[in-house]
Amino acid sequence: GFGILLTEGVTDFISEGQESEEGLLEDYYGDLFITMYSLFLSMTGGINWGEIAMPLLQVGNFYFVMVIAFICFTTFSVLNIVTGVFVDGA
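Parameters and conventions
Residues numbered from 1 in each chain as written. Predicted model: local features only at pLDDT ≥ 70, side-chain atom pairs only at ≥ 80, totals over all residues. Heavy atoms only, no water. Helix = DSSP H or I, 4+ residues; strand = E, 2+ residues; numbered from the N terminus. Expected span 1.5 Å × (residues − 1). Buried < 20%, exposed > 50% of the residue type's maximum accessible area, 1.4 Å probe, protein only. Arc of directions from axis to C-beta. Contact = heavy atoms within 4.5 Å. Polar contact = N/O pair within 3.5 Å; in protein donor to acceptor, adjacent residues only side chain to side chain. Core = buried A, V, L, I, M, F, W, Y, C linked by side-chain atoms within 4.5 Å. Phe/Tyr/Trp six-rings, centres within 6.5 Å; stacked < 30°, edge-to-face > 60°.

Undergrad: Looking at this structure, I do not really get helix H3 (residues 32-44). What am I missing?
TA: At 3.6 residues per turn, the α-helix brings residues three or four places apart onto the same side. For H3, built from 13 residues, the straight-helix expectation of 18 Å at 1.5 Å per residue is met to within 8% by its first-to-last C-alpha distance of 18 Å. Within the sequence span of H3, burial applies to Thr35, Ser38, Leu39, Leu41 and Ser42. Seen along its axis, H3 keeps its buried residues to an arc of 160°; they face one direction. In this fold, the buried residues of H3 make contact with helix H1 (2-15), helix H2 (24-29), helix H4 (49-53) and helix H5 (61-89). Its side-chain oxygen placed 3.2 Å from the backbone nitrogen of Phe33, Asp31 serves as the N-cap of H3. In the segment just after H3, Gly45 is the residue with positive phi, at about 90°.

The following block contains the structure:
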């Protein structure tokens, strides 16, 4: 869901003839696979999530907030699973 939303927003922005600063939008959100890889890296600490979120401010605040929502959702989900494993094992 998040990957599709972000990829669609960026590709629409680029197809309207808008140029991104330093090509970061294409680097992080060029297609669905690249978007999913960028989100995976931000979730696992391979890249700072702020680095992939800041270029989205060119596209719109909504997309920036969606990256923050993704990070919050995945962080709390992983914490909940880890807590569940420890509680179940106790």
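Undergrad: Help me understand the nonpolar core, please; the structure alone is not making it clear to me.
TA: Buried together is how nonpolar side chains tend to be arranged in soluble globular proteins. One finds Leu6, Leu25, Tyr29, Ile52, Leu56, Val59 and Val67 to be the most contacted residues of the largest nonpolar core, which totals 19 residues. If you list the elements that add at least two residues to this core, you get H1, H2, H3, H4 and H5. The contact partners of Leu25, leaving out residues within four places of it in the chain, are Val10, Phe13, Ile14, Ser20, Gly30, Pro55, Leu56, Gln58 and Val59.

Undergrad: What is the right way to read the environment of Glu26 from this model?
TA: Along the chain, Glu26 turns up in helix H2. Residue Glu26 is classed as partly exposed on the basis of its relative accessible area of 33%. Linking Glu26 and Phe70, residues 44 residues apart in sequence, is a C-alpha distance of 20 Å.

Undergrad: I would appreciate a short explanation of the packing of aromatic side chains in the present structure.
TA: Any pair of aromatic rings gets described here by the distance separating the centres and the angle formed by the planes. Counting across every chain of the model gives 4 aromatic pairs. Ring centres of Phe2 and Phe70 lie 5.4 Å apart, and the angle between their planes is 70°; on these two criteria the pair is classed as edge-to-face. Of the two residues, Phe2 sits in helix H1 while Phe70 sits in helix H5, which places them 68 residues apart along the sequence. Summarising the aromatic geometry, the rings of Phe62 and Tyr63 are spaced 5.3 Å apart at their centres and angled 80° between planes, so their arrangement reads as edge-to-face. Among the residues examined, Phe62 registers a relative accessible area of 46% and is labelled partly exposed.

Read these as geometric descriptors, not functional statements.
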